[in-house]
Amino acid sequence: MVVSFTSRSSKISHKRSGDVAVTSLIGRDRDPHAFEPTPDQARLLSHAQLFIVNGLGFEGWLLRLTNSAQYHGPVIVATQGITPITTTGPGGGVSVPDPHPWQDARNGTVYAGNIAQALAAVDPAHADRYRHRLREYQAKLGELDRHVRAELGAIPAQQRRVITTHDAFSYYGRAYGVTFLAAEGISPNSEPSVQAVAQLIRQIRQERIKALFLENISDPRLIDGLAGETGTTPGPPLYSDALSRPDGPAPTYIRMLEYNTAVLKQGMLKN
Ligand SMILES: [Zn+2]
């Protein structure tokens, strides 16, 4: 799992329980932008009954993998129905969709709905059970959305500024009223220009931004460098594109948004 439901290959076993055997192609704490499927994973996919992907250009390797796996089953795009935020990146150019909608809990309900519908279609004998679990989970996501708003509600507007490594939080920012300034674009593999870094350093100093964050998937050197230049201390890593290990602070989608919100709040209160 990349984050919650992304880029998973799912094997559904028609057992009495109606449970689903889910295999995630991309592991915890791994950068999905830099992912390359292995031959073993292609073999695994060839036996799958359902393949769930994020979409919005996130899985650039998708066609290569389905071709090499000779996978002809359904490919479900979990972001189907979400209107993406588009970006042209720091250098301008072609507008591309931002592939990180899961950072808005309301979009999480869309992901869950698409996945439940796909499971019910592939495993119709247990369709009622999937629908029931969907309703329960979507109710939890509604609570989560209210929790995030309540947590951030007391932060004054001028303090709602955060620096991150790559541009993975625009949906969170739009949903919850936080301005994120990222050193890198929507993919962390794009090295920022010297000018872009210098501009960011000026902005951090001028606006006295203390909320600097690494991400669990990113190389720490860039944020460490920004922190050193501006006399700030980076906060604990945010979980942007991948969950933590089960014993970490963000082992599930809901815990990830709760944890990110708690550390973002702490950081912004120092601004
Ligand atoms: Zn990302």
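Residues numbered from 1 in each chain as written. Predicted model: local features only at pLDDT ≥ 70, side-chain atom pairs only at ≥ 80, totals over all residues. Heavy atoms only, no water.

### What to know about the overall build of the protein
- Counting its secondary structure elements, the protein contains eight helices and 10 strands.
- Expected size for 271 residues packed as a compact globule is a radius of gyration near 18 Å; at 19 Å, the protein falls within 12% of this value.
- In terms of overall dimensions, the protein has a C-alpha envelope of 60 × 40 × 35 Å along the principal axes.
- Split into buried and exposed, the 271 residues of the protein put 49% on the buried side.
- Taking contacts inside the protein between residues at least 6 apart in sequence as the whole, the part at least 24 apart equals 66%.
- Accessible area for the protein stands at about 12800 Å²; split by element, carbon and sulfur atoms hold 52% of it.
- Taken together, the 28 basic and 25 acidic charged side chains of the protein have centroids lying 4 Å from each other. (Helix = DSSP H or I, 4+ residues; strand = E, 2+ residues; numbered from the N terminus. Rg over C-alpha atoms; globule rule 2.2 N^0.38 Å. Buried < 20%, exposed > 50% of the residue type's maximum accessible area, 1.4 Å probe, protein only. Contact = heavy atoms within 4.5 Å. Areas by Shrake-Rupley, 256 points an atom, 1.4 Å probe, with all protein chains shown as cover. Lys, Arg positive; Asp, Glu negative; His and termini not counted. Charge placed at Lys NZ, Arg CZ, Asp CG, Glu CD.)

### Points about helix 1 (residues 39-46)
- Of the residues making up helix 1, those classed as buried are Q41, A42 and L45. Buried positions in helix 1, seen along its axis, are confined to an arc of 105° and lie on one side of it. Of the residues in helix 1, the exposed ones pointing more than 90 degrees away from the buried face are P39 and D40. (Arc of directions from axis to C-beta.)

### Some words on the nonpolar core
- By size, the foremost hydrophobic cluster in this structure holds 42 residues, and its most contacted members are L152, V162, Y172, Y253, M256, L264 and M268.
- Elements supplying a minimum of two residues to this core: strand 3 (50-53), helix 3 (105-122), helix 4 (127-152), helix 5 (170-176) and helix 8 (253-269).
- When residues of this core are assigned to their parent elements, the largest contribution, eight residues, is made by helix 8.
- Three or more residues apiece are contributed to this core by two domains, here domain 1 (8-146) and domain 2 (155-269). (Core = buried A, V, L, I, M, F, W, Y, C linked by side-chain atoms within 4.5 Å. Domains from an automatic or database assignment.)

### Observations concerning the domain arrangement of the protein
- Considered domain by domain, the protein is made up of domain 1 (8-146) and domain 2 (155-269).
- Here domain 1 and domain 2 have C-alpha centroids that lie 25 Å from each other.
- With 32 residues of domain 1 in contact, the opposing surface of domain 2 contributes 31 residues.
- Both sides together, the interface formed by domain 1 and domain 2 hides about 2500 Å², and carbon and sulfur atoms give 57% of it.
- Contact with domain 2 buries surface across domain 1, with R28, D29 and Q103 losing the most and accounting together for 30% of the total.
- Counting across the interface, domain 1 meets domain 2 through zero salt bridges.
- Where domain 1 packs against domain 2, one counts 18 residue pairs in polar contact (both at pLDDT 80 or more).
- If one sorts the elements of the side of domain 1 that touches domain 2 by residue count, helix 4 sits on top with five residues.
- Looking at the side of domain 1 that touches domain 2 residue by residue, the classes come out as 15 nonpolar, eight polar and nine charged. (Buried area = accessible area lost by both parts, 1.4 Å probe. Salt bridge = Lys/Arg side-chain N within 4 Å of Asp/Glu carboxyl O. Polar contact = N/O pair within 3.5 Å; in protein donor to acceptor, adjacent residues only side chain to side chain. Nonpolar A, V, L, I, M, F, W, Y, C, P; charged D, E, K, R; others polar.)

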